[in-house]
Amino acid sequence: MESGLIHIPYMRPERTSRETFDWALANAREADKRGFDSMMVAEHATQKWECIPNPELVIAAAAAQTERIKFAPMAHLLPQHHPAGLAIQVGWLSQILEGRYFLGVGAGAYPQSSYVHGIRDADSQSLNEMVREALDIMEKVWKREPFFMEGKYWSAGYPEEVEDGHDDDQHKLADYSPYGGKLDIAVTGLSPNSPSIRFAGERGFKPVSIYSGSSILKTHWETYEKAALENSHVPDRSRYHVSQTVFVAETDKEARKLALEGGIGYCFERYLMPIWERFGMIEGFVKDAGAEMSDVNLEWMCDNVWIVGSPETVVEKMNKLFEFTGGWGTLQVESHDYIDNPTPWFESLELIANEVAPKIALPEK
Ligand code: FMN
């Protein structure tokens, strides 16, 4: 299994933008140094705790401070951008990263950030329709062949090359198509029988799920596999990323304390538990554990939802999950605010990359 980080970034609301930016770059450098394969950076225009509005700025700065790790915005929210402008920015950034970039796309989770971008009363059907139209435009721009289209949501085009009469290429159009001619695209999925995951399967894109219970995760893969096969794509679990809350320390006791009393516990108690309830994300776990919603508190989350413990315990928990669900290629660890005590957080990343990930493999078919 590969190890990835997803930097949402779940900062305490009192952090400044500068602190948030510096913490993102520290995570990029440490993840690169300690053996992580990828880092995703989320995009949110309005959330206090999820306070990176422009993942591309973090990725561009991190490109200059890292050597091997791959980056992805996860996700650029396609309804909230002009697709032609985004296509050019993404193409250019992929060229800057010279192969260390892939593109994550999503519809947008929060109505407030849709509202800021002029989308009122957004329902998931129209947002998903916008995602499809945006990607069609982006792919046309990357092809660099002349077109002009007036779509339902946007108009865009690509101009003809103009012959300047000098018989040279000084005035030709700049090439901002993706590095190497092709871009790996990943799509986020959240809900049971996720329409976004179905879209990923239809187009042969990488699926990325937030772990919200093993039964729901099973439906994600089934949805993906069916859509992929119906559209002549090979569904490959090694391309599947699943994001989870994970904390590893030398002993179970230490890991539990650092998770519950550190940034993870702080954020779940104040921010994530109410949000997860609103999005119906706890119900899957409660069902899996045969528990009741009234059992749910922070300690219950630590033992039943997060993956916390020594390397041996975490390997055992992950292998159990892999057996039940069929597994995934990349564990995308959700980052948290450990600014006030970063060492255990970065040591946890090191243990995940070196003591956990290499011991977990996809089950034999
Ligand atoms: N929504 C955002 O508004 N910003 C994000 O950065 C973002 N990142 C996501 C990352 C992952 C791994 C997942 C699974 C979802 C993310 N979302 C984000 C939510 C998506 O925008 C969208 O609401 C969700 O994927 C819809 O899933 P569904 O089609 O299964 O209902």
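Criteria and cut-off values
Residues numbered from 1 in each chain as written. Predicted model: local features only at pLDDT ≥ 70, side-chain atom pairs only at ≥ 80, totals over all residues. Heavy atoms only, no water. Core = buried A, V, L, I, M, F, W, Y, C linked by side-chain atoms within 4.5 Å. Buried < 20%, exposed > 50% of the residue type's maximum accessible area, 1.4 Å probe, protein only. Helix = DSSP H or I, 4+ residues; strand = E, 2+ residues; numbered from the N terminus. Contact = heavy atoms within 4.5 Å. Patch = residues over 30% accessible without salt bridge, like charges linked within 9 Å, V, L, I, M, F, W, Y side chains within 5 Å. Areas by Shrake-Rupley, 256 points an atom, 1.4 Å probe, with all protein chains shown as cover. Salt bridge = Lys/Arg side-chain N within 4 Å of Asp/Glu carboxyl O. Pairing = 2+ DSSP bridges. Axes fitted to C-alpha atoms, helices over the stretch in contact; angles between N-to-C directions.

Colleague: Just checking my understanding: could you explain the nonpolar core for this structure?
Modeller: In a soluble, globular protein the nonpolar side chains are often hidden away together inside. Trp276, Met301 and Trp306 are the most contacted members of the largest nonpolar core, which totals 115 residues. If you tally residues by element for this core, the top one is helix H5 (residues 124-143), at 9 residues. Sequence-distant contacts of tryptophan 306, defined by excluding residues within four places in its chain, comprise Thr245, Ala259, Leu260, Ile264, Gly265, Phe268, Leu298, Met301 and Lys317.

Colleague: Would you mind going over a nonpolar patch on the surface with me for this structure?
Modeller: Residues Ile88, Trp92, Ile96 and Tyr176 make up a contiguous nonpolar surface patch of about 380 Å² in total accessible area. Within the secondary structure, tryptophan 92 sits in helix H3 (residues 83-97). The class for tryptophan 92 is partly exposed, based on a relative accessible area of 49%.

Colleague: Looking at this model, I keep getting lost on the sheet that holds strand S1 (residues 2-7). Mind explaining?
Modeller: Strand pairing in a sheet relies on backbone hydrogen bonds, with the paired strands running either antiparallel or parallel. Pairing is parallel in the open sheet, where 9 strands are placed in the order S3-S2-S1-S13-S10-S9-S8-S5-S4. Edge positions in the open sheet fall to strand S3 (70-73) and strand S4 (76-77), since each of these has one partner strand only. Two elements, strand S5 (residues 103-106) and strand S8 (residues 185-189), share 3 bridges in a ladder whose sense is parallel. By the bridge assignment, valine 105 is partnered in S8 with valine 187. Strands in contact with helix H1 (residues 17-33) are S1, strand S2 (38-41) and S3; relative to S1, the strand with the most contacts, it is inclined by about 175 degrees. Its contacts with the sheet place H5 against S5 and S8, and it is angled at close to 150 degrees to S5.

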